Amino acid sequence: MGFFLETLFGGLMAGMLYSLVALGFVLIFKASGVFNFAQGAMVLFAALAMARFSEWVPQWLGFESKLLGNLVAFALAGLLMFVLAWFIERLVLRHLVNQEGVTLLMATLGITYFLDGLGQTIFGSDIYQIDIGMPKDPIFLFEGLFEGGVLVNQEDVIAAVVAACLVAALSIFFQKTTTGRALRAVADDHQAAQSIGIPLNRIWVIVWCVAGITALVAGMIWGSKLGVQFSLTTVALRALPVIILGGLTSVPGAIIGGLIIGVGEKLSEVYLGPLVGGGIEIWFAYMLALVFLLFRPQGLFGEKIIDRV
């Protein structure tokens with residue numbers, strides 16, 4: 001039982017991180033109808049900014065405090081993502097209003113390659129570390145309930161808690177604030193929202209800023225675990241099955257889809273992997289997404305495309 005719970009907890013924690021990346025896709029699609037292929041590049045760009053600023057800031061300001069350096073680096077990286085969102089809306093999206101979906105899709109692909117090149121130009125192309133002080137040693141939980149307890153990684157627990165807090169904050173933002181309600185109105189009907197005075201361009205800047213901060217937190221966590229390298233953009237590929245499963249238009253779907261895939265990957269690898277030679281964790285999420293595309297393409301909580309036309 002203890003081993004099963006270890007696997008289950010590991011899947012849930014990985015699933016929360018998948019959900020964090022998937023949220024960026026869902027937020028932008030709901031507010032603008034754009035499937036943002038640049039989300040992976042945004043995660044990498046934000047992680048590079050965080051890693052390099054945390055290295056440069058102490059040198060610039062002449063102090064040695066790692067905590068202060070990380071706080072200033074996070075603020076600077078967040079500001080950079082805000083500026084980036086403003087430029088994307090001003091230079092790209094504003095000129096593509098009411099264009100075909102494939103045009104917007106190609107625009108996000110262009111943004112992807114631009115961010116990859118810009119990141120290398122500004123921050124370099126080496127492998128960098130983000131040290132935010134998260135403990136990496138495993139600990140035992142529930143030793144009184146199970147023999148030997150349940151072994152969990154402290155870093156995974158903290159990362160999952162941070163992801164959960166960000167998800168909760170976003171939920172409150174969307175449900176309780178005036179800006180959040182405006183975002184939901186734009187997501188329901190762009191033209192109706194404009195007719196009652198909601199400025200579409202400003203909403204797009206806000207939602208890209210929110211997606212940028214989400215990418216920063218995701219990049220910071222993944223960078224701390226894996227190191228900041230250009231393969232980090234592939235993390236976004238892990239989020240694609242999540243949004244297919246949960247629904248491209250559903251924020252709760254991104255969360256639940258991430259948890260389902262995280263748990264499914266771990267359990268299938270541990271219990272079915274030995275029977276088929278392993279490697280299930282690599283393709284499990286994509287096969288599950290393919291099944292949903294065939295039988296329920298809108299996902300668990302998404303809307304049918306015909307309903308949005």
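Residues numbered from 1 in each chain as written. Predicted model: local features only at pLDDT ≥ 70, side-chain atom pairs only at ≥ 80, totals over all residues. Heavy atoms only, no water.

### Looking at the overall build of the protein chain
Of the regular secondary structure elements, the protein chain holds 13 helices and 2 strands. For the protein chain, the spread of C-alpha atoms along the principal axes amounts to about 65 × 60 × 35 Å. The burial tally for the protein chain puts 47% of its 309 residues in the buried class. Excluding contacts between residues fewer than 6 apart, the proportion of contacts in the protein chain whose partners are at least 24 apart in sequence is 73%. Of the roughly 14,900 Å² of accessible surface on the protein chain, 67% is carried by carbon and sulfur atoms. (Helix = DSSP H or I, 4+ residues; strand = E, 2+ residues; numbered from the N terminus. Buried < 20%, exposed > 50% of the residue type's maximum accessible area, 1.4 Å probe, protein only. Contact = heavy atoms within 4.5 Å. Areas by Shrake-Rupley, 256 points an atom, 1.4 Å probe, with all protein chains shown as cover.)

### Overview of the nonpolar core
One finds Phe-53, Trp-208, Trp-222 and Val-228 to be the most contacted residues of the largest nonpolar core, which totals 92 residues. Ranked by residue count, the leading element in this core is helix H8 (residues 200-226), at 17 residues. In this structure Trp-208 touches Ile-28, Asn-36, Met-42, Ala-85, Ile-88, Leu-93 and Ile-111, once residues within four positions along its chain are discounted. (Core = buried A, V, L, I, M, F, W, Y, C linked by side-chain atoms within 4.5 Å.)

### Points about the environment of Leu-118
Relative to the assigned elements, Leu-118 resides in helix H4 (residues 101-123). Distance from Leu-118 to Val-157, taken between C-alpha atoms, is 33 Å for residues 39 residues apart in sequence.

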